[in-house]
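Close look at the chain arrangement
Residues per chain are reported as follows:
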Amino acid sequence: MKTLLLAVLFLASPLGTEDYKLVRDPSFGGKNLMLLHEFPAKKAATMWRIDDAEVEEVKTDSGEVLRTGSYMFDLSVEGDSDPRSKRLVWLPAGSAIISIEFRKETQPFKTIPRIAGSYELLHGGEERWVTLDHAALADVHLWEQEDLKEGGFELQGGVRAVQLLKVMLKDGAMDVDEVHLRAAGSDELISSWASSGGLGYRVHEFRLTDVESEGLVAVLELDEGPDIVVENLPMGTKAKAAKSGELRKAKLKLESHVVTVTEVHAKGSGDYDLIRGCRWVSSSGKDLGIHPNFHYGGGDKTVTVSCLAPTELPRGAKLQLGILVGAGWETISFLYENLKAPK
């Protein structure tokens, strides 16, 4: 008979084991062995990050070592794809699932004697969204918002103008795997800062602070066939089509132009639990659903952050930086014994 043990949690004020449950018994639901830990709605909204995840070597009774899969300790929350479904289904509100995956065996077996491991889960706390000025250029200065202080941040930041080269592919855009820039006479490829698109077109944005501003060359990597090289890209403020025999032969259209946008940037220190990212909200504070061009880095105590404004924003739109305050780490250990092979 298969036995199943789910771990004790270790913290000063630990959650009870009733706060976690196994969605279903570990089994080969398709190609791979998938273990799913589900959190109830009261906890799911405050699940943030997994760290220090590890699992002991897993062997079948035939002696085969099972390799880990692509969803090893993957945290899925509201808006992510549902790992319980074979179809593309989104997790609803109040859902959080941790997926632990092993690749399907290559040798017949009857049981897996033991699967054991642990992970650190960051949960709880409160999100604070700090509104940042973005419209007017500003020299670097101390950000003194109260929410930042409560989050343990000391950031020096400002607003600067950034020039972007926007490269739009039309018609055969789906045949292009990637677009790079390089200066004329150089072999160094520069990848796009951001990309977006829709039906039949794709837009790649390049920061002109990262590359030369004249004589730029676009290198289009195709899904199949050799790269397409487009020289002397149009660099005006209005979109203009590039002239290229290679583009015509591939039945591709490429337009480019330069735009100037503002970028909020800062660096400093912070005793923070997690940076939640940036978002654009309306004048009333409603999330506009705009995917922000946002980057951050740093370590436990240092942080750098930047966010480019889109070329088109609704009137009154505001930029907010999200930080997490008051969260805590829990150690979750698990042990599964005598797992039966699927019939």
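As shown above, the structure is provided for reference.
Treat the numbers as computed from the prediction; the structure is a model and nothing was measured.

The rules we used
Residues numbered from 1 in each chain as written. Predicted model: local features only at pLDDT ≥ 70, side-chain atom pairs only at ≥ 80, totals over all residues. Heavy atoms only, no water. Helix = DSSP H or I, 4+ residues; strand = E, 2+ residues; numbered from the N terminus. Areas by Shrake-Rupley, 256 points an atom, 1.4 Å probe, with all protein chains shown as cover. Core = buried A, V, L, I, M, F, W, Y, C linked by side-chain atoms within 4.5 Å. Buried < 20%, exposed > 50% of the residue type's maximum accessible area, 1.4 Å probe, protein only. Phe/Tyr/Trp six-rings, centres within 6.5 Å; stacked < 30°, edge-to-face > 60°. Lys NZ or Arg CZ within 6 Å of the ring centre and 35° of its normal. Pairing = 2+ DSSP bridges. Contact = heavy atoms within 4.5 Å. Salt bridge = Lys/Arg side-chain N within 4 Å of Asp/Glu carboxyl O.

Per the secondary structure count, the protein chain includes three helices and 22 strands. Just so you have it, the protein chain exposes about 18900 Å², and 48% of that area is on carbon and sulfur atoms.

Now for the nonpolar core. If you look at the biggest cluster of nonpolar residues, it comprises 24 residues, and the most contacted ones within it are Ile98, Ile100, Phe102, Ile112, Ile115, Tyr119 and Leu121. Listed by contribution, the elements that provide at least two residues to this core are strand 4 (33–39), strand 5 (47–55), strand 7 (96–102), strand 8 (111–132) and strand 22 (318–340). Formed by 22 residues, the second largest nonpolar core is a distinct cluster that contains Val264, Trp280, Cys307 and Leu319.

This part covers the packing of aromatic side chains. Scanning the entire structure with this criterion turns up five aromatic pairs. Where Phe73 meets Phe334, the ring centres are 6.2 Å apart and the plane angle is 45°; that geometry is what we call tilted. Of this pair, Phe73 sits in the loop between strand 5 and strand 6 (74–77) while Phe334 sits in strand 22, and the two are 261 residues apart along the sequence. One exposure class covers both Phe73 and Phe334, and it is buried. By the ring-pair criterion, three or more aromatic residues cluster together here, those being Phe73, Tyr119, Phe334 and Tyr336. A cation over an aromatic ring shows up here: Arg279 above the ring of Trp129, its NZ or CZ 4.0 Å from the ring centre.

Of all seven residues in strand 4, seven are buried; the element is thus mostly enclosed. Because side chains alternate across strand 4, one face comprises the buried residues Leu33, Leu35, His37 and Phe39, and the other comprises Met34, Leu36 and Glu38, equally buried. Of the pairings in the sheet, the one linking strand 4 to strand 7 comprises seven bridges and is antiparallel in character. The residue bridging Met34 from the neighbouring strand is Glu101, located in strand 7.

This part takes up unusual backbone geometry. In this structure, Phe73 is a non-glycine residue whose phi angle is positive, near 55°. Assessed through its relative accessible area of 11%, Phe73 is described here as buried. Even without a glycine there, the phi angle at Asn232 is positive, about 50°. Relative to the helices and strands, Asn232 is located in the loop between strand 16 (228–230) and strand 17 (240–241). With a relative accessible area of 59%, Asn232 lands in the exposed category.

The next thing to look at is the side chain of His257. Relative to the helices and strands, His257 resides in strand 18 (residues 252–270). With residues up to four places along the chain from it excluded, the contact list for His257 reads Leu164, Leu165, Lys166, Pro234, Gly236, Thr237, Lys238 and Ala239.

For the rest of this paragraph, the subject is the side chain of Ser118. Relative to the helices and strands, Ser118 is located in strand 8. For Ser118, a relative accessible area of 15% puts it in the buried group. Once residues within four sequence positions are removed from consideration, Ser118 is found in contact with Asp52, Ala53, Glu54, Phe73, Ile332, Ser333 and Phe334.

Take the environment of Val179 next. Within the secondary structure layout, Val179 lies in strand 11 (residues 176–183). Overall, the relative accessible area of 0% leaves Val179 in the buried class. Here the alpha-carbon distance between Val179 and Val203, two residues 24 residues apart in the chain, equals 9.6 Å. When neighbours within four sequence positions are excluded, Val179 is seen to be in contact with Leu169, Ser192, His204, Phe206, Val219 and Leu220.

Another aspect to go through is the pattern of salt bridges. Tallying each qualifying case throughout the model produces 11 salt bridges. Two residues, Asp147 and Arg128, come together in a salt bridge whose shortest N-O distance is 3.4 Å. Here Asp147 is found in helix 2 (residues 146–150), whereas its partner Arg128 is found in strand 8, with 19 residues between them in sequence. Accessibility expressed as a relative area gives 17% for Arg128, which makes it buried. Of the charged contacts in the structure, one is a salt bridge between Lys170 and Glu255, with a shortest N-O distance of 3.2 Å. Of the two residues, Lys170 sits in strand 10 (residues 153–171) while Glu255 sits in strand 18, which places them 85 residues apart along the sequence. Residue classification places Glu255 among the partly exposed residues on the basis of a relative accessible area of 22%.

Here four strands make up an open sheet; going across it, the order is 12-11-15-16 and the pairing antiparallel. Strand pairing shows two members of the sheet lacking a second neighbour, strand 12 (190–191) and strand 16, which therefore form its edges.

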